[in-house]
Amino acid sequence: MSRSTWRYRNRALAPILGGALLGLSAGAALVMPVSTAEARTAGKFTLAAAGKAPPIYVDANDAKVVAIAARAFAADVQSVSGALPSVETGSPSGETAIVAGTLGQSAAIDRLVAEGKLSVSAIKGQSEGYVVAVVENGVPGVARALVIAGADRRGTAYGIFQLSRMIGVSPWTWWADVKPQQRSELEVSTDRIEQKSPSVKYRGFFINDEDWSIRPWAEEHDPTGTIGPQTYARVCELLLRLRANLLWPAMHKVTVAFNLDADNARVADDYAIVMGASHAEPMLRNNVGEWNHAQRGEYNYDSNGPNVLQYWRERVRTNGRYENLYTIGMRGLHDSAIVAGHEADGVKLLEKVVADQRALFRDELGRDPATVPQVFVPYKEVLDVYRKGMTVPQDAILGWVDDNHGYIRQLSTRAEQKRPGGGGVYYHISYWGRPNDYLWLDSTPPALIGEEMGKAFATNSRAMWMLNVGDIKPGEKGTEYFLDLAYDFDGTSKLSQREWLKAWAARTFDPAQADAIADLLGAYYRLNFARKPEHMGYNDEELGIEGTDMSPVSYGDEAGRRLAAYLALDHKAAQIAADLPAGKRDGFFHLVQYPVRGSAKMNEKILSADRSFLYAWQGRASANLYAQEAVNAFREVKGATATYNAIGNGKWARFMDDAPRYQSVFSAPPVGRVKPSATPSLGVAVEGSVDALVTSPAIAAEDYGLRLNPWRNEGAVKDRLPVFVKATDRRHFIDVFSTGAAPADFTATASEPWIRIDRSDVRLGGDVRLWVSIDWARFSRNRPREGRIVIAGMGVEQTITVVADPATASSGTLVEDNGVIAADPHRYAALRDVGAGGWRHVPGLGRSGHALESGARTASAADAASAPYAEYRFLTRSSGKAQLQLGFVPTFPLNGEHKLRYAVSIDGAPPQLVDVEANKNWSDAVQRATSVTATDWALAKPGRHVLRVYAMDPGLVLDSIVLDLGGLQKSYMPPPETLAGNPQR
């Protein structure tokens, strides 16, 4: 069913809330015919009116989760309307009632089915499916009943929580204080809903690296003083509200092991949550909390196998009565390699481990091992063992893993896709480890999650999707998107990142603000994808902060543009918060405003510190002010965190920590400082040069020259601006500053009438950024001309050369500008597909937010002639040597049947073939979110040219295109696009 058709047929399922649909799965189908007792036409069923609500009936013999979900829904109705429905287990009665139950476990539901008053044929055999329907005079003693019938216990719970979504209650109502809109009268549609099995069988998350947030919070808020049954009950309810079914519990040493408190497993079972354990914790064992060296010896299966096997046997025996997904295989005690003894490659040892583990299912559970859910997770070194030829039982799930930074290392081959156990994925949106942590803020774009999990789905990895969420908060948005994909892949994957964010914002906050919030978050993800907040210090896991290579001098001040964009987002978030209803602001702060502010202030801290070193080197008195700005930003992060933890009268005390692992990037940064000149003088610095024209500079505390190397452009001239090109019509800057306490006092005079000077940009300490542009209407020649700007004052006169080139082109044409052509990948002139495969534009993906991906369905090509391509056309003013630099999001080859290659040709020359994976510096690439490859070319003449980029393999994500004709400056990001008629301001 198309999305538009679904929207039409289900328009009445949600109450009227600004026209927004609230959380309905696009996979929900309306199936006819219905039974004679069911409502046939669109109408309304009243959930609350005049302070009263119909009772909710469940069967006392049904699964516990049904009553749990019913009570939660009753509380949701009360939170919206003020009326609290009762939850009862007796015989239904009254004018109206809600009846919820599971097929085969609810007498009322089974009676309706047996009497032909409720059709459930569409969900038979559909695990976790459900039907919601209004039944007229079908339930004895009830004139009109809203019936929720689940194919199994989770299906019933999902059906009940679907009603919560329909009345505007967010899954994050407790976890992020998202309050629903208040309405005294509450209705839902009488249209029938039939929900079949979810897209992915096992869907859930892993609470991990909990040392700094959820664990310290639980110390004060859980009666056990750790992450115990009360906290896990909240976690399990959240999973149900997110339509998930699987949990890997917290497992660090700071947390009491999940199964050491038997009530934890009981709570999970009450909530119908399937329990598993991480890649390092086979057979539901938490090694760091449960393995005792003194009693059991070394955790080494080669030398101490019987004791290790007995350790696993005990857990299967105690927890076998519950619903579990067992991790099989073995690693070290805590996220470390297996101790393999004499088994050098680990293959035979791991095969024996798995065989012995599976024997426990027969011995302790009396079950055929093939019927017991299992997953083998080839994480880190285990993947190397698997690639050496390890045999994994066909009925076990192969749980593929990303590289901890969001890029899946390998997916199923054609043969593996046919395995009965299927494939799965263990995926990170939070990580502690090399080359650098990201434990603080949620910064993985939904577009990247969608691209990677889309490849997984296409290669039949649909048996398990597990998400490492760190502390759950603040990974809420990424978690919800991931689980939306897992529950209803077809419906969710059809939405672009912006469409999903808009729908999420509408149902979570306010339909009137949905567009603004979607745009805000789109920019947030794009900026943070280019460099995560935790990576801004350029530190590795242990070393101190280093200077960034986000240039404050190149391309109109790259660093300044980035910071301005962040500060604008912070300001916009505050505006949106002010416009939201008061009851929505706490949730908005948790889910949107704090991540935006934290990212903005981290960037302000680091980039202002960088600027203080540059300005100290140049002799600006304002260097000290930028040093103070960096310190102020550090303090503002602390203030925002205090606000976060104070929400709900201390409900979240100790939850948010803005310095996880206490890395140096979170500290107050080193800064550059100066002693201002006693006799103020005037200094001048031009775009592109780190050196300034200055006669009596402020004196720097030390020599900061080495810190400037990432920004120092070879051949830069400190008295000449970049060339002004009419086609791109860019402006360039000159900074005029004082070397002492007095602000700069000067005149700026142009030698030609076509040179425009805007001096309105006054900065800290009275520094002035002159923005220079060309009035092309007053430029009388059709060839380049030269002019000058004379800056005079405070006893100083400096002359800056201005060169203008009247070269032009039709709007949208890629043109040369200062020896560079730059384009985002979606600026292609033509695409050629081959079969079902080829390049596809993915909005929101990549550093620019406009990547091309070759997906999972592009077949590997034998040569460029048989490969799909994207074609680009561009104009140059020069000829000769050129280097083409293509940036790729650092994905991996799809599987062992493919490489990660592209081919490229300019002007019909023989294509050059490049293997992206073979040229990737992984550590650098995952922090920069790009892997740049280069090919060398010779352009025979100026003029028009054609570039073709061939997708030789699936899994490529093209992020940037830069052709260096000799003018490329140092910068972190690619240069701004050189598009005619698209000036960069």
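Given the structure is predicted, the values throughout are model-derived calculations rather than measurements.

Asks: Describe the overall build of the chain, with residues and values.
Replies: If you tally the helices and strands in the chain, you get 21 helices and 39 strands. A compact globule built from 985 residues should have a C-alpha radius of gyration of about 30 Å, and the chain, at 31 Å, falls within 12% of that. Each of the three principal axes of the chain carries a C-alpha extent, and together these read 95 × 75 × 55 Å. Relative to its full complement of 985 residues, the chain shows a buried share of 62%. Long-range contacts, defined here as pairs at least 24 residues apart, represent 77% of the contacts in the chain between residues at least 6 apart. Of the roughly 34600 Å² of accessible surface on the chain, a fraction of 49% belongs to carbon and sulfur atoms. Separation between the mean location of the 109 positive side-chain charges and that of the 112 negative ones in the chain comes to 4 Å.

Asks: I'd like a description of the packing of helix H17 (residues 514-530) against helix H19 (residues 585-618), backed by residues and values.
Replies: At a minimum axis separation of 11 Å, H17 and H19 run at an interaxial angle of 40°. Put simply, H17 runs oblique to H19. As for how H17 packs across H19, the hand of that crossing is left-handed. Of the residues in H19, those touching H17 at Ile517, Leu520, Leu521, Tyr524 and Asn528 are Phe588, Val592, Pro595, Val596 and Ser599. Classifying every residue of the contact of H17 with H19 by side-chain character gives eight nonpolar, two polar and no charged.

Asks: Mind laying out the packing of aromatic side chains, listing which residues take part and the relevant values?
Replies: Tallying each qualifying case throughout the model produces 44 aromatic pairs. Both rings, one in Tyr301 and one in Trp312, keep their centres 5.5 Å apart while their planes meet at 15°; by these two values the pair is stacked. In terms of burial, Tyr301 and Trp312 fall into one category: buried. Seen in terms of ring centroids, Tyr524 and Tyr525 are 5.2 Å apart; in terms of plane orientation they differ by 70°. Their pairing is edge-to-face. Neither Tyr524 nor Tyr525 differs from the other in exposure class; each is buried.

Asks: Account for helix H16 (residues 497-508), naming residues and giving values.
Replies: Here H16 contains twelve residues, and its C-alpha end-to-end distance of 16 Å stays within 8% of the 16 Å for a straight helix at 1.5 Å per residue. Of the positions making up H16, those classed as buried are Gln497, Trp500, Leu501, Trp504, Ala505, Ala506, Arg507 and Thr508. Those residues of H16 that are buried lie in contact with helix H13 (446-458), helix H14 (476-487), helix H15 (489-493), H17, H19 and strand S31 (840-843).

Asks: Talk me through the pattern of salt bridges; I want residue IDs and the actual numbers.
Replies: According to the stated counting rule, one finds 63 salt bridges in the structure shown. A salt bridge links Arg144 to Glu136; the shortest N-O distance between them is 2.9 Å. Among the ionic pairs, Arg317 bridges to Glu364, the shortest N-O distance being 2.9 Å. With Arg317 in helix H10 (residues 301-319) and Glu364 in helix H11 (residues 347-365), this residue pair connects regions lying 47 residues apart in the sequence. A relative accessible area of 49% means that Arg317 is categorised as partly exposed. Several salt bridges share partner residues, and in doing so they unite Glu128, Arg153, Arg154, Arg203, Asp269 and Glu323 into one network.

Asks: Now, about the packing of H19 against helix H20 (residues 623-650): what can you tell me, with residues and values included?
Replies: For the pair H19 and H20, interaxial distance at closest approach is 7 Å and the crossing angle is 165°. The pairing of H19 with H20 is recorded here as roughly antiparallel in orientation. Relative to H20, the crossing made by H19 is left-handed. Here the contact of H19 with H20 is built from residues that sort into 16 nonpolar, six polar and eight charged.

Asks: Give me the sheet that holds strand S18 (residues 682-686): which residues, what numbers.
Replies: Note on sheets: strands pair through backbone hydrogen bonds, and any given pair is parallel or antiparallel. Read from one edge of the open sheet, five strands run S19-S18-S22-S25-S24, paired in antiparallel fashion. Two strands close off the open sheet at either side, each with one partner strand: strand S19 (693-694) and strand S24 (755-762). Bridge analysis of S18 against S19 gives two bridges, and the strand direction is antiparallel. Following the sheet pairing, Gly683 is matched in S19 by Val694.

Asks: Give a detailed account of the pairing of S18, specifying residues and quantitative values.
Replies: Among the five residues of S18, five are classified as buried, and the element is accordingly described as predominantly covered. Relative to strand S22 (residues 732-738), S18 runs antiparallel, the two being bridged by five bridges. Bridge assignment links Ala685 to a residue of S22, and that residue is Asp735. The antiparallel hairpin formed by S18 and S19 contains six residues in its connecting segment, where Gly688 sits at a positive phi of about 100°.

Asks: Describe H14, naming the residues involved and giving the relevant values.
Replies: For an α-helix the count is 3.6 residues per turn, leaving residues at separations of three or four pointing the same way. The first and last C-alpha atoms of H14 sit 16 Å apart over twelve residues, in line with the 16 Å expected at 1.5 Å per residue. Summarising burial for H14: twelve of the twelve residues are buried, a large majority. Those residues of H14 that fall on the buried side of the exposure criterion are Glu476, Lys477, Gly478, Thr479, Glu480, Tyr481, Phe482, Leu483, Asp484, Leu485, Ala486 and Tyr487.

What counts and what doesn't
Residues numbered from 1 in each chain as written. Predicted model: local features only at pLDDT ≥ 70, side-chain atom pairs only at ≥ 80, totals over all residues. Heavy atoms only, no water. Helix = DSSP H or I, 4+ residues; strand = E, 2+ residues; numbered from the N terminus. Rg over C-alpha atoms; globule rule 2.2 N^0.38 Å. Buried < 20%, exposed > 50% of the residue type's maximum accessible area, 1.4 Å probe, protein only. Contact = heavy atoms within 4.5 Å. Areas by Shrake-Rupley, 256 points an atom, 1.4 Å probe, with all protein chains shown as cover. Lys, Arg positive; Asp, Glu negative; His and termini not counted. Charge placed at Lys NZ, Arg CZ, Asp CG, Glu CD. Axes fitted to C-alpha atoms, helices over the stretch in contact; angles between N-to-C directions. Parallel < 35°, antiparallel > 145°, perpendicular 65-115°, else oblique. Left-handed = near helix turned anticlockwise from the far one by under 90°. Nonpolar A, V, L, I, M, F, W, Y, C, P; charged D, E, K, R; others polar. Phe/Tyr/Trp six-rings, centres within 6.5 Å; stacked < 30°, edge-to-face > 60°. Expected span 1.5 Å × (residues − 1). Salt bridge = Lys/Arg side-chain N within 4 Å of Asp/Glu carboxyl O. Pairing = 2+ DSSP bridges.

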